[in-house]
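Results of the structural survey
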Amino acid sequence: MSNALKYKFLLIVVVVVVTAWPWASPWLASNLPWYAETFDVDPSRPVVNLGLDLQGGVHILLQVDVDSAIEYERDLTQSRIGNLLKDQNIAYSAVVKDDLYTFSVTGTPGDREAEVRQVLQDYLQGWTLGRAPGGGFQATMPPAYRTAVQANAVEGTLNTLRRRVDQLGVREPLIQEQGLEGDRILVQLPGVEDITEVQEILGTSALLEWKEMTYPPGTSNSWRPGVGGREATLALFGGALPADTEFYDQRLTNLDGSPAGVISWPLKTVSTIVGGDLKMANRSADEWGNPNVAFELSQDAARRFQTATQANLGKIMAITLCLLYTSPSPRDCGPDLVCRLLLE
């Protein structure tokens, strides 16, 4: 046999072996345990990955709520500005939102205007700073900044979805951006049948915040809002909440899960701590074995938390949890007050 024929024969053998190997490998793994262990082959897995058209599955098109991302960025910036002014011992009436892209700082001392401007300019890199119509300063998120926030929101959502899909153990999932606006994400999960569970896992996220409570004038630290409407609380405030305060609803339930009423808590708009400030949080127990939560904050957040807790000894601080949904589900944000923190 000539060398040319030998090479052709060897080439044919190699092609046959390479072609047949994926089909033969599961058979070898099921009959030879050492083979399965050595080459990490699962004989129950299909030889060819079947897509949605062959084995069925879940096809979901999600729309990222980019307006909520912009709103969160604005609210977070408001909180940071409020805390920075407190750090500089600069009094202010309120840091209030004007619209989706704008907030104002009002009631700062006239003789410290230059210091206020410097604080705002140092922190609000990329924002447009001007005068508020009623006095004070107004900060506006410009279009380029909004675009960057939206892009980060989509990228962060993609990464979150990929991590959650990995936990589902789905083989060959498809997760990618779709649409001209870049705010839609296509998710294909072959072999998955329970679409309700998938929507529950993939579609929700949560926003955690620590907030101070605003006590009505003339009330003591033992004051609590009652169950029912907000009218009684508003009456204690003279008919309207302060500009730096909003109502946050705690929805109560009976043991059987039926509604038991609503408590409306007057909480500061500016948050002391937000979820992004947490470096770590774990279930724990105190020295008496009672359930506890141990958490670690970033260095800046720890300083803010220390200042806030020292200033509110014996008073209530609230931990709020607001659920956010990707479209088509709406944003369900009462927000829900999930627990109270009494500082003693």
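Residues numbered from 1 in each chain as written. Predicted model: local features only at pLDDT ≥ 70, side-chain atom pairs only at ≥ 80, totals over all residues. Heavy atoms only, no water.

1. A short note on the overall build of the protein
Across its full length, the protein carries nine helices and 15 strands. Each of the 344 residues in the protein was classed as buried or not, and the buried ones make up 34%. The contacts of the protein with a sequence gap of at least 6 include a subset with a gap of at least 24, amounting to 58%. Taken as a whole, the protein presents about 20,200 Å² of accessible surface, with 54% of it coming from carbon and sulfur. (Helix = DSSP H or I, 4+ residues; strand = E, 2+ residues; numbered from the N terminus. Buried < 20%, exposed > 50% of the residue type's maximum accessible area, 1.4 Å probe, protein only. Contact = heavy atoms within 4.5 Å. Areas by Shrake-Rupley, 256 points an atom, 1.4 Å probe, with all protein chains shown as cover.)

2. Description of the packing of helix α4 (residues 66–87) against helix α6 (residues 143–168)
Packing of α4 against α6 brings their axes to within 9 Å, and their N-to-C directions diverge by 115°. With respect to their mutual orientation, α4 and α6 come out roughly perpendicular. In this structure, α4 crosses over α6, and the sense of that crossing is right-handed. Side by side, α4 and α6 meet where Val66, Ala69, Ile70 and Glu73 of the first sit next to Tyr145, Arg146, Val149, Gln150, Ala153 and Val154 of the second. Looking at the contact of α4 with α6 residue by residue, the class counts come to seven nonpolar, one polar and two charged. (Axes fitted to C-alpha atoms, helices over the stretch in contact; angles between N-to-C directions. Parallel < 35°, antiparallel > 145°, perpendicular 65-115°, else oblique. Left-handed = near helix turned anticlockwise from the far one by under 90°. Nonpolar A, V, L, I, M, F, W, Y, C, P; charged D, E, K, R; others polar.)

3. So, the pairing of strand β6 (residues 174–178)
Put simply, side chains in a regular strand alternate between the two faces of the sheet. Alignment of β6 against strand β7 (residues 184–190), held across five bridges, turns out to be antiparallel. In the strand pairing of β7, Ile175 is matched with Val187. Between β6 and β7, which pair antiparallel one after the other, the connecting turn spans five residues, and Gly179 there sits at a positive phi close to 100°. (Pairing = 2+ DSSP bridges.)

4. Observations concerning the sheet that holds strand β3 (residues 102–106)
Judged by pairing direction, the sheet is antiparallel, and its four strands sit side by side in the order β2-β3-β5-β4 without closing on themselves. Either end of the sheet is taken by a strand with one partner, and the two such strands are β2 (94–99) and β4 (128–131). Adjacent strand axes in the sheet meet at a mean angle of 25° when their direction is disregarded. Where β2 and β3 come together, five bridges link them in antiparallel fashion. Looking at the pairing, Val96 lines up with Ser104 of β3. Strands in contact with α4 are β2 and β3; relative to β3, the strand with the most contacts, it is inclined by about 15°.

5. Some points on the confidence of the model for the protein
Taken as a whole, the protein shows an average pLDDT of 78; of its residues, 76% reach a score of 70 or greater. By mean pLDDT, the top-scoring element of the protein is strand β5 (residues 137–140) (95), and the lowest-scoring one is strand β15 (residues 332–342) (39). (pLDDT = per-residue confidence, 0-100.)

6. Section: the nonpolar core
In terms of nonpolar packing, the biggest core is built from 37 residues, with Leu85, Phe103, Val187 and Leu189 touching the most fellow members. Of all the elements in the fold, those that place two or more residues in this core are β1 (57–63), α4, β3, α5 (113–123), β5, α6, β7 and α7 (195–203). Looking at this core element by element, the count peaks at six residues for α6. The next biggest cluster of nonpolar side chains, apart from the first, holds nine residues, and it includes Met213, Trp223, Tyr248 and Ile316. (Core = buried A, V, L, I, M, F, W, Y, C linked by side-chain atoms within 4.5 Å.)

7. Description of α6
Counted at 1.5 Å a residue, the expected span for α6 with its 26 residues is 38 Å, and the 38 Å between its end C-alpha atoms agrees. Along α6, the residues classified as buried are Val149, Ala153, Val154, Thr157, Leu158, Leu161 and Val165. Just past α6, the residue Gly169 takes up positive phi, approximately 75°. (Expected span 1.5 Å × (residues − 1).)

8. Notes on the pairing of strand β13 (residues 291–297)
Alignment of strand β12 (residues 278–285) against β13, held across seven bridges, turns out to be antiparallel. Each bridged residue has a counterpart across the sheet, and for Asn282 the counterpart in β13 is Ala294. If you look at the hairpin formed by β12 and β13, you'll find five residues sitting between the two strands, and Gly289 has a positive phi there, around 85°.

9. Describing α4
Between its first and last C-alpha, α4 extends 32 Å over 22 residues, near the 32 Å set by a 1.5 Å rise per residue. Just past α4, the residue Asn89 takes up positive phi, approximately 55°.

10. A few points about the side chain of Thr77
Relative to the helices and strands, Thr77 is located in helix α4. Judged by relative accessible area, which is 4%, Thr77 ranks as buried. From its side chain, Thr77 meets the backbone oxygen of Glu73 in a polar contact 2.7 Å long. (Polar contact = N/O pair within 3.5 Å; in protein donor to acceptor, adjacent residues only side chain to side chain.)

11. Here's the deal with the pattern of salt bridges
For side chains of opposite charge, pairing can occur when their charged atoms come near one another. Tallied over the entire structure, the rule returns 14 salt bridges. Here Asp87 ties to Arg303 by a salt bridge, and the two come within 2.6 Å at their closest N and O atoms. Here Asp87 is found in helix α4, whereas its partner Arg303 is found in helix α9 (residues 299–311), with 216 residues between them in sequence. When salt bridges with common partners are traced through the structure, they connect Arg80, Asp87, Asp277, Asp300, Arg303 and Arg304 into a single cluster. (Salt bridge = Lys/Arg side-chain N within 4 Å of Asp/Glu carboxyl O.)

12. A closer look at the side chain of Thr108
As for its placement among the helices and strands, Thr108 is situated in the loop between β3 and α5. If we skip the residues at most four places from it in the chain, Thr108 touches Ala91, Tyr92 and Val116.

13. As for the packing of aromatic side chains
Applying the stated criterion to the full structure yields six aromatic pairs. Judged by centre distance (5.5 Å) and plane angle (70°), the rings of Phe103 and Trp127 are edge-to-face. Separated by 24 residues along the polypeptide, Phe103 in strand β3 and Trp127 in the loop between α5 and β4 bring together distant segments of the chain. The pair formed by Phe103 and Trp127 is uniform in burial state, with each residue classed as buried. (Phe/Tyr/Trp six-rings, centres within 6.5 Å; stacked < 30°, edge-to-face > 60°.)

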